[in-house]
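Each chain, letter by letter, is given below.
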Amino acid sequence: MLKTILAGLRARTARLVLSSIAIALGVAFVTGTLVLGDAVGEQTRDNFARSARNVDAAVHTAENSPNREDGIPADFLQKIRNTPGVEGADSREFGSAALLSGEGKARNALVQPLPTTEKLRDFNLKDGKFPVKADEAAIDVKTAQIAKLKVGDKLKLLDKDNAEHAFTIVGTYQQGASSISMSGSDHVVVSPEGLRTVIPDQRVYEIVAVAKAGVTQQQLVADITKAIGPGYQVQTGEELTQATLAQVGDAAGEIKTFLLAFAAISLVVAGMVIYNTFTILVAQRTKELALLRCVGANRSQVFRSVLAEALFMGLAASVLGLLGGIGVSAGLQTFISTFGGPSGGDDNPIRLPISWVTIAAGFGVGVVVTVLSAVLPARRATRVAPVAALRSQPDSSDDVARTGKVRIAVATLIALVGGAAVYFGLQQEKEEPAMFITGGATMVLLLAVLLLGPLYVPLVNRLFGKALRGVPAKLASANAGRNPKRTAATTAALMIGVTIVAMVAVVAGSGRATMNEQVDKRFPADYAVKSNVYSQPLSPKFTEDLAKVRNVAQIAPELRAFGESPKLEYADVTGYPTEALGSLVRPDLAAGTLTGLKDGEIAMREKEAKTAGVAIGSTVPISGKDLKVVALIKDNSYGTGIVTLKTAESILKEPVKGYQNVLVKLAPGTDITQARADLERFIATSPVAVLDSAAETKAELNSQIDQILLFIWALVGLALIIALFGIANTLTLSVLERTRESALLRALGLTRGQLRQMLVVESILMALIGAVVGVLLGAGFGWLLVEAISNSEFTISFSIPFGQIGIMLGLAVVAAVIAAALPARRAARNSVVAGMAEA
Amino acid sequence: MSALVSEVGTRTAAAAHNLVKVYGKGDTAVRALDGVSVAFQAGRFTAIMGPSGSGKSTLMHCLAGLDTVDGGAIHVGQTEITKLNDKDLTKLRRDRVGFVFQAFNLLPTLTAEQNILLGLELAGRKPDKEWFDTIVDVLGLRDRLTHRPTELSGGQQQRVACARALVARPEVIFADEPTGNLDSRSGAEVLDFLRMSVRKMGQTVIMVTHDPVAASYADRVVLLADGRLAGEIHQPTTESVVNALTHLGA
């Protein structure tokens, strides 16, 4: 029997190669996604937990320690360095200072000392060297870009008393993502001595240590605890890593979850393509298998031969696919780092971590799915009487059996479960569970829709077919409808891919539209002038002069005051001049009126009013004053609520130094470029003021969303490729199967061109069925998600990005034409007589 | 046998002149047709017979423009089809020739009616409603028009194929073992119909068969052996055909 199998493999090389490519692609898709996921994970770990890199022990002030405010005593560093088992230790601290660069504008900068132990540096040097002398400094690459500084330049840091300290930039570095590095200001690293000159008594928040070789982290922790005494928290490096990751939290985890979800989807898509290919393959061989039975092979021999063949193919293709997947992952990472994405950005090295999970998943998909896909058709092939099988015609009534009642029942059940889950998800008030539950539920619904494919795919096909003119096109439609199960399975892969993209596109598009609306609403002002340095607000004098700039119609200084209230956890209010309310400041009102807000009154955030148990007309105590609630607002961007400037000043503990933010409205009909130039000229007089406009904010937000979309499009491209390969595969095998039919058509007068056209149209039809149903599903699911994420405070308005969806449909058609090219050529090349003779 | 075998006074529907067809190359080359010259009169029912491997199917395929030739010329009507390219050959098949094959005559995706009208649709021609009705009624297919091939018996499928061949009123209908897959009763029905289409409707039918009974329905039998013409019988009967075949050594 082995001989027969090998001979069979040899004889059907062409078909087997095709199916193997399908399997290999599926495996490549899965492994590629998994490798990429692991790479992102590794990168995230490195990126977000770089501060824990090489750390074997870390000391913090204990959670409830009374000396938490003071930080770790200065002499601890020496104590730890003297502890046996410690190879090196460094303190972690950072202070804030104003940075003066060439332009003369001050910027807020975080200054950190360079760890003396090389292993403990949580910065990657990019250029030059790290500072050694007290007057040397290194800056991070983003700071270099934004402040337009380079190695060799001078920079000045201002200390508390505005005294200038000059440094020479000797290097640039890249830092990991952390709450410190993400805080938007500039970043400077100086030597520990250099830091003391600018900030003499900076609080130390952490001391990290590296163990000598052979000393375990646990042992080091024990030793250090003994050396410094109680009252401090000492963690192992591993604990610190976990804690750090947990702190930066979900950002990294979300990407991983997303990729895992995508891997799961890729698994299903790949499985479908493989299953479909094998079903067709075995169906075509029914006659051959029957012949084997006729000459004396028994049922189980035939069955085993099919399985053995599947196993062989699955193994061979999996190896190819695994290698391909690694290539895919490398390619994707290059793509992402070239075009920038959420995890890309600065030139991260390409990582190709290959875990056992990846290998197992790859082979699992390749071998198990292939063998399982072979079992069903093989069982069918061996169940029929041999002679009946010899006579069978492709797509006879047995193959095209009606959609089973069981299938419908199961699908309905799944749909009900999905529907219930969607309902449950929509009821959630919190954004994240709502999103996850609803998202998961839509995937359940998708499964139900896929199961019901054989029911509606012929209907959609007929609908499209009605629009077609010409005999080849009509024949194509008939061909696409001849085996609903096969067509459904072929289109399913594409349908899944398109559904996901459409869904993401809709959600992201809606988010973008909403954000733009929000920006418009939140920035009724044309410009905002902000202080670049937190400790140096815009002075009242500056504000007064700003109002006098040509074409400025109105200004509104904003004053944030942090008060206390027995009824609220936080009581920070935002003060505006009364006349700005309703014009320059327009929050979303839930009740009451805002205009004419008087001193001692507050327009309170609805949610906090509920917490405090107050309503319009009652009062809320903040910092010893009873503020009368006159309005309720929905926005959360004003803290506890909006008050008048005077009220905010009275809540403030110290006298007003100035304002962080001043809103500016131009006189109607002003030439924007002219006005902007005027404003910029005025602002240049202040060392800290910067101009911020709604347009720029919008552009920045949009570019962030675009980056996420880019990442998704890259993954979706992959899904599309494999789905279209599925179509090409089905079509090729169909062409082989329909050789006699094609010959008959040619005999009856179908030209070669028309035959090709027929296959191309068939391919386009299948692609469009998948894509159109996918778009509809995706838009629907997207709407559900948008509804789920929206809650009473934050409403996303649903919008469909027609352009993107149009492009997607266009791509599907183009790809369908490409998919049909080879099979069509092959079909047209066949000689009529040879085709008629084919058994 | 170099002279054209023809009947004086009748129009020629199709003719082959010194036709050569070789399969394979070098030592394994087989001359499937080795200088065959034969003419088929319009309005007649001609059967081509011969033992297996005599070249009868090849002759028909070449006459119908389904296969290329290695020498000689073929005319369908006034057209020398051996000079046509693939596109023109396709057009010729579509517009001027009808086919009935042994099996697999119909497209499984189309209904009987759609199958019958397929050739006309390909040519972009409007079917003649009256003619269509006549054929459908004669063939007894009226209540089968909406059925798909899988829902039809073998005899019904062959009758649908006949209807498709006839509905376009082609110059010649080629039938390749049209009864090969049928039981004798269904076979007789189909042959009756082919003969009637010649007698009453003036069709020209050229049929390849190895069944003497089927051949006896024809007006004339052309005999082939080893790729050469080996005689002919006019007004054949089953017996005369069997006799002739026996002499050929079949």
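Because the structure is predicted, anything quoted here is derived from the model rather than measured.

### Re the overall build of chain A
Then step 1. Of regular secondary structure, chain A possesses 27 helices and 21 strands.
Then step 2. Residue burial in chain A is summarised as follows: out of 839 residues, 53% are buried.
Then step 3. When contacts within chain A are restricted to residue pairs at least 6 apart in sequence, long-range pairs at least 24 apart make up 82% of them.

### Here's the deal with the overall build of chain B
Then step 1. Assigned secondary structure in chain B consists of 8 helices and 10 strands.
Then step 2. In chain B, which comprises 250 residues, the proportion classed as buried is 56%.
Then step 3. Pairs at least 24 apart in sequence give 68% of the contacts found in chain B among residues at least 6 apart.
Then step 4. In the structure as shown, chain B presents an accessible area of about 10,700 Å², 48% of it carried by carbon and sulfur atoms.

### Examining the interface of chain A and chain B
Then step 1. With 23 residues of chain A at the interface, the matching set in chain B holds 22 residues.
Then step 2. Taken together, both faces of the contact between chain A and chain B bury some 2,300 Å²; the carbon and sulfur share is 69%.
Then step 3. For the chain A face of the interface with chain B, the top three residues by lost area are Leu744(A), Leu748(A) and Val833(A), together amounting to 25%.
Then step 4. The interface formed by chain A and chain B holds 2 salt bridges in total.
Then step 5. A salt bridge links Asp86(B) to Arg746(A); the nearest nitrogen and oxygen atoms lie 3.1 Å apart.

### Comments concerning the side chain of Ser565(A)
Residues and elements named next belong to chain A.
Then step 1. In this fold, Ser-565 is placed in strand β13 (residues 552-565).
Then step 2. Assessed through its relative accessible area of 10%, Ser-565 is described here as buried.
Then step 3. A polar atom in the side chain of Ser-565 sits 3.2 Å from the backbone nitrogen of Lys-567.
Then step 4. In this view, Ser-565 contacts Ala-571, Val-620, Pro-621 and Ile-622; residues no more than four positions away in its chain are not counted.

### Regarding a positive patch on the surface
Residues and elements named next belong to chain A.
Then step 1. Taken together, the side chains of Arg-299, Arg-379, Arg-380, Arg-383 and Lys-485 present a region of like positive charge at the surface.
Then step 2. Looking at the positive patch, the element that brings in the most residues is helix α12 (residues 356-383), giving 3 residues.
Then step 3. Relative to the elements of secondary structure, Arg-380 occurs in helix α12.
Then step 4. A relative accessible area of 39% places Arg-380 in the partly exposed class.

### So, unusual backbone geometry
Then step 1. A positive phi angle, near 45°, is found at Ser623(A), a position not held by glycine.
Then step 2. Structurally, the position occupied by Ser623(A) is in the loop between β17 (619-622) and β18 (625-633).
Then step 3. Its identity as a non-glycine residue notwithstanding, Asn18(B) has a phi of 55°, on the positive side.
Then step 4. Within the secondary structure layout, Asn18(B) lies in strand β1 (residues 12-23).

### A word on the sheet that holds β1(B)
Then step 1. The 4 strands are arranged β2-β1-β4-β5 (chain B) in an open sheet whose pairing can be described as antiparallel. Edge positions in the sheet fall to β2 (30-41) and β5 (79-80) of chain B, since each of these pairs with one other strand and no more.

### Concerning the sheet that holds strand β8 (residues 205-208) of chain B
Residues and elements named next belong to chain B.
Then step 1. Taken in spatial order, the 6 strands of this open sheet run β6-β7-β8-β3-β9-β10, and their pairing is mixed. The sheet is open, and its two edges are formed by β6 (97-100) and β10 (228-234), each paired on a single side. With strand direction ignored, the average angle separating the axes of adjacent strands in the sheet is 20°.
Then step 2. Both β6 and strand β7 (residues 172-176) contribute to a ladder of 4 bridges, which runs parallel. The residue of β7 that forms the bridge with Gly-98 is Ile-173.
Then step 3. Taken strand by strand, helix α5 (residues 154-167) contacts β6 and β7, and its axis lies near 175° from that of β6.

### Overview of helix α7 (residues 217-228) of chain A
Residues and elements named next belong to chain A.
Then step 1. In this model, α7 (12 residues) spans 16 Å end to end at C-alpha, consistent with the 16 Å of a helix rising 1.5 Å per residue.
Then step 2. Turning to α7, its buried residues number three or more, namely Leu-220, Val-221, Asp-223, Ile-224 and Ile-228. Seen along its axis, α7 keeps its buried residues to an arc of 165°; they face one direction. Away from its buried face by more than 90 degrees, α7 exposes Gln-218 and Lys-226.
Then step 3. Gly-229, located one to two residues past α7, shows a positive phi value of around 85°.

### Examining the packing of aromatic side chains
Then step 1. For the coordinates displayed, the defined rule picks out 7 aromatic pairs over all chains.
Then step 2. Ring geometry for Phe123(A) and Phe130(A): centres 6.5 Å apart, planes at 50°, overall tilted.
Then step 3. In this structure Phe123(A) comes out as buried when scored by relative accessible area, which is 5%.
Then step 4. An angle of 10° between the planes, with centres 5.3 Å apart, marks the rings of Phe99(B) and Phe101(B) as stacked.
Then step 5. Overall, Phe99(B) belongs to the buried group, its relative accessible area being 1%.

### A word on the environment of Asp127(A)
All names here are of chain A.
Then step 1. Structurally, Asp-127 is set in strand β5 (residues 123-128).
Then step 2. The class for Asp-127 is partly exposed, based on a relative accessible area of 45%.
Then step 3. Once the C-alpha coordinates of Asp-127 and Val-151 are considered, the two residues, 24 residues apart in sequence, prove to be 7.7 Å apart.
Then step 4. Among residues more than four places away in sequence, those in contact with Asp-127 are Val-151, Val-170, Gly-171 and Thr-172.

### Regarding the pattern of salt bridges
Then step 1. Following the criterion strictly, the structure yields 28 salt bridges over all chains and no others.
Then step 2. Notably, a salt bridge pairs Arg681(A) with Asp678(A), separated by 3.5 Å at the nearest N-O pair. In this pair, Arg681(A) and Asp678(A) are both assigned in helix α22 (residues 672-683), 3 residues apart and thus about one turn of the helix distant.
Then step 3. Asp678(A) sits in the buried class, given a relative accessible area of 7%.
Then step 4. When salt bridges that share partners are traced, they join Lys129(B), Asp133(B), Asp137(B) and Arg142(B) into one network.

### Some remarks on the environment of Thr670(A)
All names here are of chain A.
Then step 1. Assignment of secondary structure puts Thr-670 in the loop between β20 (661-666) and α22.
Then step 2. Separated by 120 residues in sequence, Thr-670 and Arg-550 place their C-alpha atoms 9.9 Å apart.
Then step 3. Excluding anything up to four places from it in sequence, Thr-670 contacts Asn-551 and Ala-675.

### Details of the pairing of β1(B)
Residue and element names in this part refer to chain B.
Then step 1. Looking at chain direction, β1 and β2 are connected through 9 bridges and run antiparallel. By the bridge assignment for β2, Ala-16 is matched with Val-38.
Then step 2. Where β1 hands over to β2, the hairpin turn is made up of 6 residues, of which Gly-24 adopts a positive phi near 80°.
Then step 3. Pairing of β1 with strand β4 (residues 71-76), which is carried by 5 bridges, proceeds in the antiparallel orientation. Considered in β4, the bridge of Ala-15 is made with His-75.

### Concerning the nonpolar core
Then step 1. Ranked by internal contacts, the top residues of the largest apolar core, which has 58 residues, are Leu475(A), Leu59(B), Leu118(B) and Phe174(B).
Then step 2. Counting residues per element, this core draws most heavily on helix α17 (residues 471-482) of chain A, which supplies 6 residues.
Then step 3. Formed by 46 residues, the second largest nonpolar core is a distinct cluster that contains Phe45(B), Leu106(B), Val136(B) and Ala214(B).

### Section: the packing of helix α14 (residues 405-427) of chain A against helix α25 (residues 752-789) of chain A
Then step 1. Running from amino to carboxyl end, α14(A) crosses α25(A) at an angle of 35°, the nearest separation of the two axes being 7 Å. Every residue of α25(A) that contacts α14(A) at Val422(A), Gly425(A) and Leu426(A) is listed here: Leu784(A), Glu787(A) and Ala788(A).

### Considering the packing of α5(B) against helix α6 (residues 184-201) of chain B
Relative orientation and spacing of two packed helices are given, respectively, by the angle between their axes and the distance between those axes.
Residue and element names in this part refer to chain B.
Then step 1. Between α5 and α6, whose axes approach to 9 Å, the crossing angle comes to 15°. Regarding the angle of α5 to α6, the classification is roughly parallel. Here α5 and α6 pass one another in a crossing that is right-handed. On α6, the residues that touch Gly-155, Gln-158, Arg-159, Cys-162 and Leu-166 of α5 are Ser-186, Glu-189, Val-190, Phe-193, Leu-194 and Ser-197.
Then step 2. Looking at the contact of α5 with α6, its residues break down into 5 nonpolar, 4 polar and 2 charged.

### With respect to the side chain of Glu177(B)
Residues and elements named next belong to chain B.
Then step 1. Inspection of the secondary structure puts Glu-177 in the loop between β7 and α6.
Then step 2. Despite its burial, Glu-177 pairs with no opposite charge; the closest candidate is Lys-56, at 4.6 Å N-O.
Then step 3. Once residues within four sequence positions are removed from consideration, Glu-177 is found in contact with Lys-56, Gln-102, Val-208, Thr-209 and His-210.

Procedures and definitions
Residues numbered from 1 in each chain as written. Chains lettered and ligands numbered in written order. Predicted model: local features only at pLDDT ≥ 70, side-chain atom pairs only at ≥ 80, totals over all residues. Heavy atoms only, no water. Helix = DSSP H or I, 4+ residues; strand = E, 2+ residues; numbered from the N terminus. Buried < 20%, exposed > 50% of the residue type's maximum accessible area, 1.4 Å probe, protein only. Contact = heavy atoms within 4.5 Å. Areas by Shrake-Rupley, 256 points an atom, 1.4 Å probe, with all protein chains shown as cover. Buried area = accessible area lost by both parts, 1.4 Å probe. Salt bridge = Lys/Arg side-chain N within 4 Å of Asp/Glu carboxyl O. Polar contact = N/O pair within 3.5 Å; in protein donor to acceptor, adjacent residues only side chain to side chain. Patch = residues over 30% accessible without salt bridge, like charges linked within 9 Å, V, L, I, M, F, W, Y side chains within 5 Å. Lys, Arg positive; Asp, Glu negative; His and termini not counted. Charge placed at Lys NZ, Arg CZ, Asp CG, Glu CD. Pairing = 2+ DSSP bridges. Axes fitted to C-alpha atoms, helices over the stretch in contact; angles between N-to-C directions. Expected span 1.5 Å × (residues − 1). Arc of directions from axis to C-beta. Phe/Tyr/Trp six-rings, centres within 6.5 Å; stacked < 30°, edge-to-face > 60°. Core = buried A, V, L, I, M, F, W, Y, C linked by side-chain atoms within 4.5 Å. Parallel < 35°, antiparallel > 145°, perpendicular 65-115°, else oblique. Left-handed = near helix turned anticlockwise from the far one by under 90°. Nonpolar A, V, L, I, M, F, W, Y, C, P; charged D, E, K, R; others polar.

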